[in-house]
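Residues per chain are reported as follows:
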Amino acid sequence: MKIAVVGTGYVGLVTGACFADMGNEVICVDIDKDKIKKLENGIIPIYEPGIEEMVMRNKHAKRLSFTTELKEAIKKCQIIFVCVGTPPKESGEADLSYVENVARVIAEVMDSYKVIVEKSTVPVETGQQVAKTIRNYNVHKVEFDVVSNPEFLREGSAISDFMHPDRIVVGCETEKAKEIMRELYEPLHAPIIFTDIKSAEIIKHASNSFLATKISFINSIANICELSGADVEKVAEGMGYDKRIGRHFLNAGVGYGGSCFPKDVDAFVGIAGKMGYDFKLLKATQEVNNQQKKRFVRKIEKSLWIIKGKTIGILGLAFKPNTDDMRSAPSIDIIKELQNEGAKIKAYDPEAMEKAKEVLKDVEYCTSPYEAAKDADALVIVTDWNEFKELDFKKIKVLMRHFLIVDGRNIYDPQKVKGEGFNYISIGRKDV
Ligand code: UDX
């Protein structure tokens, strides 16, 4: 099938490359000329394991191309995926101007039946707005369908999540659109849930919000464990065997970040409020998450006594491992708070350093975890990159000024670290 994918960010690029890999002819469109030029030359503007190889393979097979010409792409393709950004406005609401603009151009250009697929995470009832916009600007009065097909891609495992989804959600209103989407996704042999458009949009918000709530729940349990002397890792293990709960997303830490959870939870609270429902549960999810970062800084302060003048080595800046994405990364608030208290910050991240430099100033960016540990009064784990899990503690000990490790992701065994001669502080577990 011929597919246009509008927007080549984390979602659009993965979506386009994967559809091409499934044998479709895909045109990826972006207004950013520089980004398109890089993509045409095989330079991938995001870090996502496997994406570079997949893009190159499909470019060479002439199944995947890149352009800034949106109108051309619309004319050539029957299916148009809208994967443009829906960044949060000051109010927390999603900015849908990019979505509206694409809908308007599609309406002005299309001269044959089209399926316009909304993949960007959008508030419920956006599908209606897109359909209304297209109707209003439908110059050639051609038939079209709007479909909601939310993405459930996790950064760092987006290709695997696309190719092996737990489920595909398709919100549409006609049999014609349903059959086209069924044919498109058939090669994945995954469960496809067909719903109305609004339900599909709610499934996305509800899924993300539930996952965020699960994280804030285990972080609250961790805080209770700290007060009671229990071990949150054991509690999570014991809870996780219950199939109704599940062990995934029960990892206590410094809290969630990323381009989705914070934004989606804010937007969902706003959408519900506009409808007249006060989403208290989600407000609590947000509050726990915000407090978790503050609690973590207090934990560092308690173990150092005075932060002012101290050197703190930070390991991990990205909002999660296997990505370079710094959007709403917990490291941002944590480092800024430590700097406000007068700490000197040295930091290392395997992938996110360049993007971190845009948001975190007055930081000494290091080339390895060992350089970040050199002369540090505390070594602080903020992102659970695998490469931090096997550090050479003997080498670390020689480098540090003070033997303190503060682990915001519980990646170490407390007794092992203690045995190496460190004071070890973590989340929801006894200090050693
Ligand atoms: C999320 C959803 O998982 C995905 O389905 C949706 O399409 C997009 O948003 P993503 O934000 O890429 O994906 O990463 P995810 O792996 O969900 O982690 C989000 C944040 O939660 C990260 O900061 C991570 O560190 C944190 N997290 C995750 C926890 O703190 N504890 C956990 O147990 C799991």
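Residues numbered from 1 in each chain as written. Predicted model: local features only at pLDDT ≥ 70, side-chain atom pairs only at ≥ 80, totals over all residues. Heavy atoms only, no water.

Chemist: Lay out the site of the ligand in plain terms, naming residues and giving numbers.
Modeler: Of all residues adjacent to the ligand, which total 19 residues, the nearest are Glu155, Lys204, Gly257, Phe319 and Lys320. Between an oxygen atom of the ligand and a side-chain N or O atom of Lys320, the distance comes to 2.9 Å. Between the ligand and the protein, one listed contact pairs an oxygen atom with a side-chain N or O atom of Arg409 at 3.1 Å. Summarising the interface, the protein chains cover 93% of the accessible area of the ligand, which totals 660 Å² for the free molecule. No other element matches helix α9 (residues 197-228), which puts three residues into the shell around the ligand. (Near = heavy atom within 4 Å. Polar contact = N/O pair within 3.5 Å; in protein donor to acceptor, adjacent residues only side chain to side chain. Areas by Shrake-Rupley, 256 points an atom, 1.4 Å probe, with all protein chains shown as cover. Helix = DSSP H or I, 4+ residues; strand = E, 2+ residues; numbered from the N terminus.)

Chemist: Outline the sheet that holds strand β12 (residues 378-381), listing residues and values.
Modeler: A sheet is described by the order of its strands in space; here six strands give the open sequence β11-β10-β9-β12-β13-β14, paired in parallel fashion. Pairing within the sheet leaves two strands with one partner each, and these edge strands are β11 (363-365) and β14 (423-425). Going across the sheet, the axis of each strand differs from the next one's by a mean of 20°, ignoring polarity. Across five bridges, the pairing between strand β9 (residues 311-315) and strand β10 (residues 344-348) is parallel. Directly across from Thr311, in β10, lies its bridge partner Lys344. Helix α12 (residues 280-304) contacts β9, β12, β13 (404-407) and β14 of the sheet and is inclined by roughly 165° relative to β13. (Pairing = 2+ DSSP bridges. Axes fitted to C-alpha atoms, helices over the stretch in contact; angles between N-to-C directions. Contact = heavy atoms within 4.5 Å.)

Chemist: Kindly report on unusual backbone geometry, identifying the contributing residues and their values.
Modeler: The backbone phi angle of Phe249 is positive, close to 60°, even though this residue is not glycine. Unusually for a residue other than glycine, Asn322 sits at a positive phi of about 60°.

Chemist: Any details on the pattern of salt bridges? Residues and values, ideally.
Modeler: In total, this model carries 29 salt bridges according to the counting rule given. As a salt-bridge pair, Asp325 and Arg327 come within 2.8 Å of each other at their nearest N and O atoms. Looking at Arg327, the relative accessible area reads 39%, which means it is partly exposed. Of the charged contacts, one joins Arg401 and Asp377 as a salt bridge, the two residues approaching to 2.9 Å between their closest N and O atoms. Taken together, the positions of Arg401 in the loop between α16 (393-399) and β13 and Asp377 in the loop between α15 (369-373) and β12 put the pair 24 residues apart, joining distant regions of the chain. Because the salt bridges share partners, they merge into one network encompassing Arg298, Glu301, Glu337 and Glu341. (Salt bridge = Lys/Arg side-chain N within 4 Å of Asp/Glu carboxyl O. Buried < 20%, exposed > 50% of the residue type's maximum accessible area, 1.4 Å probe, protein only.)

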